[in-house]
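A look at the structure
Listed below, chain by chain, are the residues.
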Amino acid sequence: MPADTVSVTGWGRTAPTTARLVRPRTYEEAAAAVRECGARGGIPRGLGRAYGDAAQNAGGSVLDMTGLDRVHTIDADGGFVLCDAGVSLHRLMEVLLPLGWFVPVTPGTRYVTVGGAIGADIHGKNHHVSGSFSRHVLSLELLTADGEIRTVGRDTPLFDATAGGMGLTGVILTATIRLQPVETALMSVDTERARDLDDLMARLTATDHRYRYSVAWIDLLARGAAMGRAVLTRGDHAPLDALPEGTRARRDPLAFRTSRFPAAPASLPEGLLSRTTVGLFNELWYRKAPRARTGELQKLSTFFHPLDGVPHWNRIYGRGGFVQYQFVVGHGQEEAVRGIVRRISRRRCPSFLAVLKRFGDADPGWLSFPMPGWTLALDIPANLPGLGAFLDELDEEVATAGGRVYLAKDSRLRPDLLAAMYPRLDDFRALRAESDPRGVFVSDLARRLNL
Ligand SMILES: Cc1cc2nc3c(=O)[nH]c(=O)nc-3n(C[C@H](O)[C@H](O)[C@H](O)COP(=O)(O)OP(=O)(O)OC[C@H]3O[C@@H](n4cnc5c(N)ncnc54)[C@H](O)[C@@H]3O)c2cc1C
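Remember, it's a predicted structure, so these values are computed and weren't measured experimentally. (Residues numbered from 1 in each chain as written. Predicted model: local features only at pLDDT ≥ 70, side-chain atom pairs only at ≥ 80, totals over all residues. Heavy atoms only, no water.)

**Notes on the overall build of the protein**
Keep this limit in mind: Working definition: helices are DSSP H or I runs of at least four residues, strands are E runs of at least two. Numbering for both runs from the N terminus. Note on method: radius of gyration uses C-alpha positions; expected globular size equals 2.2 Å times residues raised to 0.38. We call a residue buried when its accessible area falls under 20% of the maximum for its residue type, exposed when it is over 50%, and partly exposed in between, using a 1.4 Å probe and counting protein chains only. Contacts are residue-level and defined by heavy atoms, with any inter-residue pair within 4.5 Å sufficient. Under the convention used here, a 1.4 Å probe and the Shrake-Rupley method define accessible areas, while residue burial counts only the protein chains that appear.
The secondary structure content of the protein amounts to 14 helices and 19 strands. A compact globule built from 451 residues should have a C-alpha radius of gyration of about 22 Å, and the protein, at 21 Å, falls within 12% of that. With the C-alpha coordinates of the protein rotated into their principal frame, the extents come out at 60 × 55 × 45 Å. Across the 451 residues that make up the protein, the buried fraction comes to 59%. Sequence separation of at least 24 residues holds for 73% of the intrachain contacts in the protein that already meet a minimum separation of 6. When the accessible surface of the protein is split by element, carbon and sulfur atoms take 53% of a total near 17900 Å².

**Focus on the site of the ligand**
Rules: Whether a residue is near a molecule or strand is decided by its heavy atoms; if any one of them lies within 4 Å of it, the residue is near. Here a polar contact is recorded for every N or O atom pair within 3.5 Å, except that within protein the pair must consist of a potential hydrogen donor and a potential acceptor, and residues adjacent in sequence are included only if both atoms are side-chain atoms. Classification convention: Asp, Glu, Lys, Arg as charged; Ala, Val, Leu, Ile, Met, Phe, Trp, Tyr, Cys, Pro as nonpolar; all other residues, Gly among them, as polar.
Taken together, 33 residues lie around the ligand, and Pro44, Gly46, Arg49, Thr113 and Tyr406 are the ones closest in. In the model, an oxygen atom of the ligand is placed 3.0 Å from a nitrogen or oxygen of the Leu47 main chain. At 3.0 Å from a nitrogen atom of the ligand is found a main-chain nitrogen or oxygen belonging to Gly108. Contributing elements (two or more residues each) for the shell around the ligand: strand 3 (42-45), helix 3 (114-119) and strand 10 (171-178). Looking at the shell around the ligand, the element that brings in the most residues is strand 3, giving three residues. Residues of the shell around the ligand, tallied by class, amount to 20 nonpolar, ten polar and three charged.

**Quick look at helix 13 (residues 425-435)**
Let me state the cut-off plainly: Regarding the arc, it is the one traced by the directions from the helix axis to the C-beta atoms.
For helix 13, the complete set of buried residues consists of Leu425, Phe428, Leu431 and Arg432. End-on view of helix 13: buried residues confined to an arc of 130 degrees, all on one side of the axis. The exposed residues of helix 13 that point more than 90 degrees off its buried face are Asp426, Ala433 and Glu434. Elements in contact with the buried residues of helix 13: helix 5 (157-162) and helix 12 (418-421).

**Description of the pattern of salt bridges**
How we decide: Salt bridges are counted wherever a side-chain nitrogen of Lys or Arg sits within 4 Å of a carboxyl oxygen of Asp or Glu.
This structure, assessed with the given rule, holds 32 salt bridges. In this structure, Asp416 engages Arg414 in a salt bridge whose closest nitrogen and oxygen atoms are separated by 2.9 Å. Between Asp426 and Arg429 there is a salt bridge; the shortest N-O distance is 3.9 Å. Of this pair, Asp426 and Arg429 both sit in helix 13, three residues apart, which is roughly one turn of that helix. On the accessibility criterion, Arg429 (27% relative accessible area) is partly exposed. Counted as one network, the salt bridges with shared partners bring together Asp53, Asp392, Asp395, Asp410, Arg412 and Arg448.

**Digging into the nonpolar core**
When a protein is soluble and globular, its nonpolar side chains tend to lie buried together. Quick reminder of the rule: Note on terminology: a nonpolar core comprises buried Ala, Val, Leu, Ile, Met, Phe, Trp, Tyr and Cys residues joined through side-chain atoms within 4.5 Å.
Counting 107 residues, the largest nonpolar core has Leu200, Leu356 and Leu451 as the members making the most contacts within it. Setting aside its immediate chain neighbours within four residues, Leu451 contacts Leu168, Leu367, Leu418, Leu425, Phe428, Arg429, Arg432, Leu445 and Ala446. Of all hydrophobic cores here, the second largest spans 16 residues; its members include Ala30, Val34, Ala145 and Val171.

See the structure below:
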C-alpha cells in the first residue's frame with residue numbers, strides 16, 4: 001500500500017508532526033496497515049476536524065480512513081443506515097435527506113466522518129434531547145490491535161471504551177446508526193437576544209426543553225453590564241406544512257441545499273483577528289440579530305454548519321493557528337461558568353462567536369465528554385501572549401468545579417488534571433493494556449496525556 005511521509009496537524013493547525021500516512025481502500029488493507037505500523041504505532045484519522053493532536057502520530061503511522069466510504073444499506077422504513085466509518089456526515093445527508101432521514105447528531109461542521117463522530121463521541125445542538133452520537137450507534141465493527149475484526153454491540157466494555165476513545169481502542173470500519181425522521185430539509189428557527197450572561201442562562205434554563213436544537217452564540221469581548229450578551233438560535237426540523245405553497249422549497253421539500261463562498265486565502269496577514277476587529281465583528285453581529293423572531297425557515301446548512309460555507313476558514317488565524325477551548329461543568333456550577341466568562345472577558349481574548357449550551361444526560365462512553373450541565377466553546381489565536389498559563393488556570397477552575405475539557409478540541413491540557421476530569425480513565429487504560437499490550441494504537445494526544 002502506498003504511504004507518504006507528511007506533516008499532519010489538527011484543524012487548529014498547531015503542533016504539526018510528521019507521520020507515515022496510509023490510505024487503506026479495503027478492510028484487508030486496513031488490517032495490513034495495522035499489522036505493519038511499526039514501533040511508533042498507528043492512529044486512525046477521519047477528516048482531521050479534531051482541533052488538536054488526536055489524529056496525528058509523530059514518527060508513526062496515520063491511517064486515513066476516508067478511502068473506505070461506502071454506504072452499505074439504508075433501511076428507509078425503519079430509519080437505519082449501515083456504512084463505512086470513512087463516510088462523512090455530509091455524504092450521509094446527501095443520500096439520506098431525499099429519503100426523509102437525517103443524521104441523529106451533527107456537530108458544527110458536516111465534514112466529519114462517522115469514525116471521527118464515534119471516536120470523539122460528538123455532540124450537537126440537540127444534546128439536551130438526543131445525547132451524543134454513540135447513543136444512536138447500534139453496533140460497530142472494530143479492527144483491533146491483533147489485526148482481527150470484531151463486531152462490537154452496545155453495553156459492552158469495548159463499545160464504551162471506543163465511544164469517545166479517540167481512536168485508541170482500534171479502527172472503526174463500519175457502524176449501524178439510527179436516524180432522525182424529517183419531513184423537510186429546512187429548519188424552523190426562533191432567534192432571540194440575551195442582554196447578559198444571567199439573562200442568557202435564565203432563558204436557556206427556562207425554555208430549552210421546548211426545542212430539539214438549541215445553542216447560544218456569546219460575545220466574550222463584551223464587558224461590564226453586557227458581559228455574556230448572546231444570540232440564542234433554537235429550533236426544529238420544519239414540518240411540511242410550514243413551507244409556503246407554490247415555492248421551490250414546497251415542491252422539493254427534501255432537497256439538500258448548501259451555500260458555498262470563496263475559500264479563505266492560503267496566507268493572510270498576521271494579527272487579522274485582533275481585539276479591535278473581533279470586537280467590531282461581535283458588535284455588528286449582536287446588533288444585527290433580531291431581538292426576537294420566531295419560525296424563520298433556514299437551510300440545514302445555515303442553521304447547523306455556517307462555517308462550512310467557507311472552505312479552509314481555519315486559515316484566518318494565520319500561520320500560528322488557533323486553540324479551541326471547550327469545557328463542561330455540571331448543573332449547579334453556574335457560578336463557575338460566570339467566573340470563567342468573567343475571566344475570559346477581562347483577559348480580552350479575541351474570540352469571535354463563542355458558543356454556550358446546556359447538555360442533557362451523559363452517555364456511557366468512558367472518555368465521552370458531555371455531562372449534564374453547561375458547556376462553553378471558544379477559539380483563541382494560539383500566539384496570544386500568556387495563553388498557556390491562562391488556560392491552565394481555567395483548567396484548574398473547571399476541574400475544581402467537577403468539570404472536564406473536551407479531548408477532541410484539546411492540544412495542551414496538563415496530564416495531571418485528566419483523572420479528575422475523566423473518572424473512568426483507569427478503566428480505559430486497563431482495557432487498552434489488555435487489548436493492545438504492544439501499544440499499537442497511539443497518537444500525539446495519547447502520548448501527551450498518557451491515555
Ligand atoms: C467547525 C467545527 C465545528 C465542530 N463542532 C463540534 C460540535 O459541535 N460538537 C462536537 O462534538 N465536535 C465538534 N467539532 C469537533 C469534531 O466533530 C470532532 O473532532 C470529530 O471527531 C472530527 O471527526 P473527523 O472525521 O474529522 O476525525 P479526526 O479529526 O480525523 O479524528 C478525531 C478522532 O477520531 C478518531 N477516529 C477517526 N476515525 C476513526 C475510525 N475510523 N476509527 C476509530 N477512531 C477514529 C481519531 O483517531 C481521533 O482521535 C467541530 C470541529 C470543527 C472543525
